[in-house]
Amino acid sequence: QSQEVSQEHIDYHVALQALQEHGTRMVCTGKMHTDRICRFDYLCYCSEAEEFVFFHSNSSVMLPNLGSRRFQPALLDLSSVEDHNTQYFNFLELPAAALKFMPKPVFVPDVTLILNRFNPDNLMHVFHDDLLPAFYTMKQYSDLDDEARLVFMEGWGEGPHFDLYRLLSSKQPLLKEQLRNFGKLMCFTKSYVGLSKMTTWYQYGFVQPQGPKANILVSGNEIRQFARALMVKMNITRVEEAEKDGGSAEDEKEKDDYIVVFTRSTTRLIINEAELIMALAQEFQMKVVTVSLEEQSFNSIVQVISGASMLVSMHGAQLITSLFLPRGATVVELFPFAVNPEQYTPYKTLASLPGMDLHYISWRNTKEENTITHPDRTWEQGGIAHLEKEEQERILASKDVPRHLCCRNPEWLFRIYQDTLVDIPSFLEILKEGMKTKPSFKKSKLASTVHPGRVREPQCQTSVQTTNEAKLTVSWQIPWNLKYLKVREVKYEVWIQEQGENTYMPYILPQQNYTFSENIKPFTTYLVWVRCIFNKNLLGPFADVLISIS
Ligand code: UDP
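All values reported here derive from a predicted model rather than from experimental measurement.

Peer 1: Help me understand the site of the ligand, please; the structure alone is not making it clear to me.
Peer 2: Taken together, 14 residues form the shell around the ligand, and within it Arg264, Thr266, Arg268, Glu294 and Ala317 come nearest. Within the backbone of leucine 123, a nitrogen or oxygen atom sits 3.0 Å from an oxygen atom of the ligand. The separation between an oxygen atom of the ligand and a polar main-chain atom of threonine 266 is 2.7 Å. Summarising the interface, the protein chains cover 76% of the accessible area of the ligand, which totals 510 Å² for the free molecule. When its residues are assigned to classes, the shell around the ligand shows four nonpolar, six polar and four charged.

Structure follows, in structure tokens:
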């Protein structure tokens, strides 16, 4: 991986002339700063001012041209975390003529993706906020290929997981502090600024208590494609997915099935880990292996997890590795005393994404005598000694952390950094109960995500029988795509609304025509909608509304 940006491949004078004549050009997608990604020709960065610079000339373009609204509050979010005021992007403006008085620019020939990492020290944040969004932003713009250059502008050092960021392209990512090495003024020939938020599923509680995002747009399929691509880059060969598929794992216990316990070695410990491992091995008659970020390389952890039947761990960032579990595996998340699993669900939400095909079980320590608190630690590690006596006493007496915002709530930090002696009988009980509701995650998942098309040639006719009796006949043809599919169950839904009424009568039918006589009045206009449904829950679109006049 080459770190230096070579000036050999570009004709310097051509580039400089282009910049002077054409200035910067920007075209963006997105209506709001929160969903915007911008593409630039000749976006420059002044390392002295630590500002991006847009050079105006007669042929420069700035779309959207927001005027001062560009600062209300920003042009776009540089990280995938929505509308966070430390993550905003903007640029300064200068006339291209000013270049004559400025240091000679250094041109970056690579197509560049400019972004902020949100919290590169934390594995969950690395995946959820940076790697997945960057991966799919690169998929969105085809010139962000394996040769693309990533530039991280949040200002942090490499961090402990920099090797993971290196997997995104063949070129070494650049950090903000390294941009100085390229001189006072550097200009990105072609760049994209910002990250797609399409793949994120969790909000960390900056404006409301943390929880799943309101409108999740990613499915297990995209997460798994990403995981597979990363594993190829890591040179990890995985047991064929088919062999490890849920069905077989359940029916016949395979010899090579195993459970992974992901341990933390410094904080939020499981005190009786050995006992827990023994209990798991005995209960499931499976081998149990442990991994930890402190003891293994990340690659070897992924290798192990990608073949596991079950992943057991304390709540914490290491659980993001469940995205490497095979389909049909189970995630078991443990929570310390006074922490409600329902309120901290980044890993539950991940496991429950449609098509992720993971089974999720949580256990929480309900026995106060089994918790080990650390009141004397620093506040970041959950210490409370710095608080007023009364507040300390209130926290110690509380058995449930109340809902709270991110990120410095002392009661939350105090409780989440407790160590736990896992009560084995209660743990096994929860686990056994939880396994009873594990679905079979059958194969042939692919076909079952295809939605029906519109029903074709819908028709309806009313016939008046007597002055107070009428019939409404509705018929239609199957959706066009059905003839190419094997669908377990095909049904049709018909809505009948009397014109002017607010309500409608819904019917579910197996056949392609039906004559309604109940509740049908003569000399009344009805509006009729028809749609197809595959396998109970895959709804198709309604056909154009039918109007029946008698
Ligand atoms: N971490 C670890 N072992 C430990 C404690 C933390 O590997 O004993 C890792 C953890 O997985 C995360 C980072 O260190 O990537 C920060 O941990 P922290 O407890 O701050 O965050 P959390 O796990 O609660 O998200």
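Alright, that's what it looks like, and here's the rest.
Peer 1: Where do I start with the state of the cysteines in this structure?
Peer 2: Under the definition given, this model contains three disulfides. A disulfide bridge connects cysteine 28 with cysteine 38, and the sulfur atoms are separated by 2.0 Å. Note on the cysteine 28 and cysteine 38 pair: the S-S dihedral is about 100°, so by sign convention the disulfide is right-handed. Remark: cysteine 38 occurs in strand S2 (residues 37-46) and cysteine 28 occurs in strand S1 (residues 25-29); sequence separation between them is 10 residues. Cysteine 406 shares a disulfide with cysteine 407; S-S distance 1.7 Å. Sign of the S-S torsion, about 100° for the bond between cysteine 406 and cysteine 407, identifies this disulfide as right-handed. Given a relative accessible area of 30%, cysteine 406 falls into the partly exposed group. Note on cysteine 407: relative accessible area 38%, which makes it partly exposed. Ordinal numbering of bonded cysteines along the protein defines a disulfide pattern of 1-2, 3-4, 5-6. Free of any disulfide, cysteine 46 has its nearest neighbouring cysteine sulfur in cysteine 44, separated by 9.7 Å. With no disulfide of its own, cysteine 460 lies 19 Å from the sulfur of cysteine 532, the closest cysteine sulfur.

Peer 1: Is there a simple way to explain the side chain of glutamine 318 in this structure?
Peer 2: Looking at the secondary structure, you find glutamine 318 in the loop between strand S16 (310-314) and strand S17 (330-335). Within the structure, glutamine 318 has its side chain in polar contact with the side chain of arginine 264 (distance 3.1 Å).

Peer 1: Can you walk me through helix H4 (residues 220-233) in this structure?
Peer 2: Since there are 3.6 residues in each turn of an α-helix, residues three or four apart along the chain are aligned in direction. The terminal C-alpha atoms of H4 lie 20 Å apart, and with 14 residues this matches the ideal 20 Å at 1.5 Å per residue to within 8%. Looking at the packing, one finds that the buried side of H4 touches helix H2 (123-140), helix H8 (298-305) and helix H9 (346-352). Count one or two residues on from H4 and you reach asparagine 235, which has phi positive near 65°.

Peer 1: Could you clarify how one ought to interpret empty space enclosed by the protein in this entry?
Peer 2: Unoccupied space between atoms shows up once a probe the size of one water molecule is rolled over them. Enumeration according to the criterion identifies one cavity of 30 Å³ or more in this entry. Taken as a whole, the largest cavity holds about 60 Å³ of empty space. Surrounding the largest cavity, Tyr204, Pro209, Gln210, Gln343, Tyr344, Pro402, Arg403, His404 and Cys406 form its lining. Considering only residue class, the lining of the largest cavity consists of five nonpolar, three polar and one charged.

Peer 1: I keep staring at the packing of H2 against H4 and nothing clicks. Help me out?
Peer 2: It is at 11 Å that the axes of H2 and H4 come closest, and there the two elements cross at 85°. Overall, the two elements H2 and H4 adopt an arrangement that is roughly perpendicular. Only Glu222, Ile223, Gln225, Phe226, Ala229 and Leu230 of H4 make contact with H2, whose side of the interface consists of Phe127, Leu131, Leu132, Phe135 and Tyr136. For the contact of H2 with H4, the per-class residue count stands at nine nonpolar, one polar and one charged.

Peer 1: I'm lost on the nonpolar core in this one. Help?
Peer 2: Phe127, Leu323 and Phe324 are the most contacted members of the largest nonpolar core, which totals 73 residues. Of the residues forming this core, the biggest block, 10 residues, is contributed by H2. Contacts of phenylalanine 127, omitting those with residues within four sequence positions, involve Leu132, Pro133, Leu164, Phe226, Leu230, Phe298, Ile320, Leu323 and Phe324. Counting 24 residues, the second largest nonpolar core, distinct from the first, contains Met26, Val151, Leu179 and Phe182.

Peer 1: Can you help me understand the layout of surface pockets in this one?
Peer 2: The computed volume of the largest pocket comes to approximately 1500 Å³. Surrounding the largest pocket, 50 residues form its lining, Asn119, Asn122, His125, Ala317 and Tyr417 being those nearest its centre. Counting residues per element, the ones that place at least two in the lining of the largest pocket are H2, H9 and helix H11 (410-416). When its residues are assigned to classes, the lining of the largest pocket shows 23 nonpolar, 19 polar and eight charged.

Peer 1: How should I be thinking about a nonpolar patch on the surface in this particular structure?
Peer 2: Taken together, the side chains of Val27, Val61 and Leu63 define a hydrophobic patch exposed on the protein surface, amounting to about 230 Å² of accessible area. Relative to the assigned elements, leucine 63 resides in strand S4 (residues 61-63). Among the residues examined, leucine 63 registers a relative accessible area of 51% and is labelled exposed.

Peer 1: What is the right way to read the environment of glycine 383 from this model?
Peer 2: The topology assignment puts glycine 383 in the loop between strand S19 (371-372) and helix H10 (389-397). In this structure, glycine 383 is in contact with His374, Pro375, Arg377 and Thr378, ignoring residues within four places of it in sequence.

So, how was this worked out
Residues numbered from 1 in each chain as written. Predicted model: local features only at pLDDT ≥ 70, side-chain atom pairs only at ≥ 80, totals over all residues. Heavy atoms only, no water. Near = heavy atom within 4 Å. Polar contact = N/O pair within 3.5 Å; in protein donor to acceptor, adjacent residues only side chain to side chain. Areas by Shrake-Rupley, 256 points an atom, 1.4 Å probe, with all protein chains shown as cover. Nonpolar A, V, L, I, M, F, W, Y, C, P; charged D, E, K, R; others polar. Disulfide = S-S within 2.5 Å. Helix = DSSP H or I, 4+ residues; strand = E, 2+ residues; numbered from the N terminus. Buried < 20%, exposed > 50% of the residue type's maximum accessible area, 1.4 Å probe, protein only. Expected span 1.5 Å × (residues − 1). Contact = heavy atoms within 4.5 Å. 1 Å grid on protein atoms, 1.4 Å probe; cavity = no way out; pocket = protein on both sides within 12 Å on 5 of 7 lines; lining within 4 Å. Points joined across faces, edges and corners; volume = space filled by probe spheres on them. Axes fitted to C-alpha atoms, helices over the stretch in contact; angles between N-to-C directions. Parallel < 35°, antiparallel > 145°, perpendicular 65-115°, else oblique. Core = buried A, V, L, I, M, F, W, Y, C linked by side-chain atoms within 4.5 Å. Patch = residues over 30% accessible without salt bridge, like charges linked within 9 Å, V, L, I, M, F, W, Y side chains within 5 Å. Salt bridge = Lys/Arg side-chain N within 4 Å of Asp/Glu carboxyl O.

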